[in-house]
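Listed below, chain by chain, are the residues.
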Amino acid sequence: MTNNDIRPFRIEIPQADIDDLRERLTHTRWIDDLPGTGWERGVPTAYLRELAGYWAEKFDWRAVEAELNEYPQFSTTIDGQDVHFLHVRSAEADATPLLLLHGWPSSVIDFLDLIGPLTDPKAHGHADVPAFHLVIPSLPGHGFSGPITEAGWHDGRVAAALAELMARLGYDRYGVHGGDHGAFLAPRLARLDGAHVLGVHVNALVTFPTGDPADMAALTEAEQQRLARMQNFQKDGSAYMNLNGSRPNTIAQLLADSPAGQLGWIVEKYKEWIDQSHDLPEQGIDRDRMLANVSIYWFTDTARSVANFYYERFHDAAMFAPTPKGTVPTGVAVFKDGDYAIRRFAEKAHNITHWSEFYSGGHFPALEVPDLLIGDIREFFRTIG
């Protein structure tokens, strides 16, 4: 066996780890909320305590494990780091290879509802739409690809590893979809491996004002609202990112030792980033899907790796350095409460050939509104096929 080998992978969390999780949750020392306060100060204790109780007593990790193990899974070593991935091939001869990239606090769990419709559209009532061979990795340092074993795993290095993964699987031409971290990585991968990337589709694309007064004056009312939400996020919602990006080990130690802390850290983001017509996270995302993601980060002990990914990004000189405009065709899906992307800004950096705006959904469309995301992925790749 060589480092280039692709090895079968099966998820088998030891029962002792599940028992330890339940024991830790049972002994959580809970805080008291100040009277009259709510989500504006973070996750309310009563809500978190009830959710932790459900996680400990009713959530079925073995069912999640069995669902994941229904799909072909593999691991390979790239640049010294193990990379776990699902590889689900379509029966359609002309299927397009498609790399699906998650972000945080997401994992391969987010894409489970996309697998059937994208690989076998005929079986899901669509005979005239593209089919895809799917490669769904756990990003290096995340979930079953983690923890990372050395510093230096910034976006560029991750993108290079993903390009190597697709080459190792024998895909000479492939598409990429990504959200959150994936929305940074997909365009980076296209610039790095443009000879092989046929198109990039993203949601949660981050765009920045150009500084051109004419661009600002031309913003529509919807775009002005989107920009205002981005500015509010930077002012009032980005503390988690700044802490990860500046002192990753400190927050990682807290999260690695306390499952209740890990739960609150992640559930806060579900509450703030889903479609804001919902009052509670599980009204927008299935409760067991949320807890499956939290469980993966807990069982794989990847809090440090996740936090360090932000640190590497913040300290990567190439991350926000000026670069030539991308040339690979790029499609952008903008969901109501999960996106800040503005087309005139995006077109300065990307070759935008497809742009969709949806009036529902948030930051996690694969979990919230999978049918909308599936339809947009199909439509984009149909246009560049």
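Before going into details, it helps to say that this report is about the structure given with it. Remember, predicted model here, so these are calculated numbers, not experimental data.

**Quick word on the packing of helix α10 (residues 248–257) against helix α14 (residues 303–314)**
- Put simply, α10 and α14 touch, their axes get as near as 8 Å, and they point 155 degrees apart. One way to sum up the angle between α10 and α14 is to call them roughly antiparallel. Between α10 and α14 lies a crossing of right-handed hand. Of the residues in α14, those in contact with Pro 248, Asn 249, Ile 251, Ala 252, Leu 255 and Ala 256 of α10 are Ala 303, Arg 304, Ala 307, Asn 308 and Tyr 311.

**What about the nonpolar core?**
- Formed by 75 residues in total, the largest nonpolar core has its most connected members in Trp 55, Trp 61, Trp 104 and Leu 263.
- The biggest single contributor to this core is helix α13 (residues 287–299), with 8 residues.
- If near-sequence neighbours (up to four positions away) are discounted, Leu 263 is found in contact with Leu 48, Leu 51, Ala 52, Trp 55, Leu 291 and Val 294.
- In terms of nonpolar packing, the next biggest core, distinct from the first, is built from 37 residues, Ile 78, Trp 153, Leu 162 and Ala 163 among them.

**A closer look at α14**
- Taking 1.5 Å as the rise per residue, α14 with 12 residues should run 16 Å; its terminal C-alpha atoms sit 17 Å apart, in good agreement.
- Of all 12 residues in α14, 9 are buried; the element is thus mostly enclosed.
- Along α14, the residues classified as buried are Ala 303, Ser 305, Val 306, Ala 307, Asn 308, Phe 309, Tyr 310, Glu 312 and Arg 313.
- Contacts from the buried residues of α14 go to α5 (155–168), α6 (181–192), α9 (239–246), α10, α11 (259–273) and α13.

**Brief notes about the pattern of salt bridges**
- All told, the structure shown has 24 salt bridges when counted by the stated rule.
- Here Lys 336 ties to Asp 275 by a salt bridge, and the two come within 3.0 Å at their closest N and O atoms. Of this pair, Lys 336 sits in the loop between β8 (329–334) and α15 (343–349) while Asp 275 sits in the loop between α11 and α12 (281–284), placing them 61 residues apart in sequence.
- Overall, Asp 275 belongs to the buried group, its relative accessible area being 6%.
- Overlapping salt bridges, with partners in common, bring together Asp 20, Arg 24 and Asp 257 in one network.

**Looking at the packing of aromatic side chains**
- Across all of its chains, the model carries 15 aromatic pairs by this definition.
- Residues Trp 104 and Tyr 240 carry aromatic rings whose centres are separated by 5.8 Å and whose planes lie at 20 degrees to one another, so their mutual orientation is stacked. In this pair, Trp 104 sits in the loop between β4 (96–101) and α4 (112–119) while Tyr 240 sits in helix α9, placing the two residues 136 residues apart along the sequence. We note that Trp 104, like Tyr 240, is buried.
- Grouping aromatic residues by their ring pairs yields a cluster made of Trp 104, Phe 233, Tyr 240, Tyr 270, Trp 273, Tyr 310, Tyr 340 and Phe 364.
- Above the face of the Trp 39 ring, Lys 271 is positioned so that its terminal group lies 5.3 Å from the ring centre.
- One Lys or Arg, Arg 313, reaches over the ring of Phe 184 and ends 4.3 Å from the middle of that ring.

**Concerning the sheet that holds β4**
- With mixed pairing, 9 strands are arranged side by side in an open sheet as β1-β2-β3-β5-β4-β6-β7-β8-β9. Strands at the two margins of the open sheet, each flanked by one partner only, are β1 (6–8) and β9 (351–357). For this sheet, the mean inter-axis angle between neighbouring strands, taken without regard to orientation, is 25 degrees.
- Sheet topology note: the β4/strand β5 (residues 132–137) ladder contains 4 bridges and is parallel. Residue pairing for β5: Thr 96 is matched across the bridge by Phe 132.

**What about the pairing of β5?**
- In terms of residue burial, β5 counts as a mostly covered element, since 6 of its 6 residues are buried.
- Side chains Phe 132, Leu 134 and Ile 136 of β5 all project onto a buried face; the interleaved residues His 133, Val 135 and Pro 137 project onto the opposite face, where all are buried too.
- Of the strand pairs in this sheet, strand β3 (residues 81–88) and β5 are connected by 4 bridges, and their pairing is antiparallel. For His 87, the partnering residue across the bridge sits in β5 and is Val 135.

Procedures and definitions
Residues numbered from 1 in each chain as written. Predicted model: local features only at pLDDT ≥ 70, side-chain atom pairs only at ≥ 80, totals over all residues. Heavy atoms only, no water. Axes fitted to C-alpha atoms, helices over the stretch in contact; angles between N-to-C directions. Helix = DSSP H or I, 4+ residues; strand = E, 2+ residues; numbered from the N terminus. Parallel < 35°, antiparallel > 145°, perpendicular 65-115°, else oblique. Left-handed = near helix turned anticlockwise from the far one by under 90°. Contact = heavy atoms within 4.5 Å. Core = buried A, V, L, I, M, F, W, Y, C linked by side-chain atoms within 4.5 Å. Buried < 20%, exposed > 50% of the residue type's maximum accessible area, 1.4 Å probe, protein only. Expected span 1.5 Å × (residues − 1). Salt bridge = Lys/Arg side-chain N within 4 Å of Asp/Glu carboxyl O. Phe/Tyr/Trp six-rings, centres within 6.5 Å; stacked < 30°, edge-to-face > 60°. Lys NZ or Arg CZ within 6 Å of the ring centre and 35° of its normal. Pairing = 2+ DSSP bridges.

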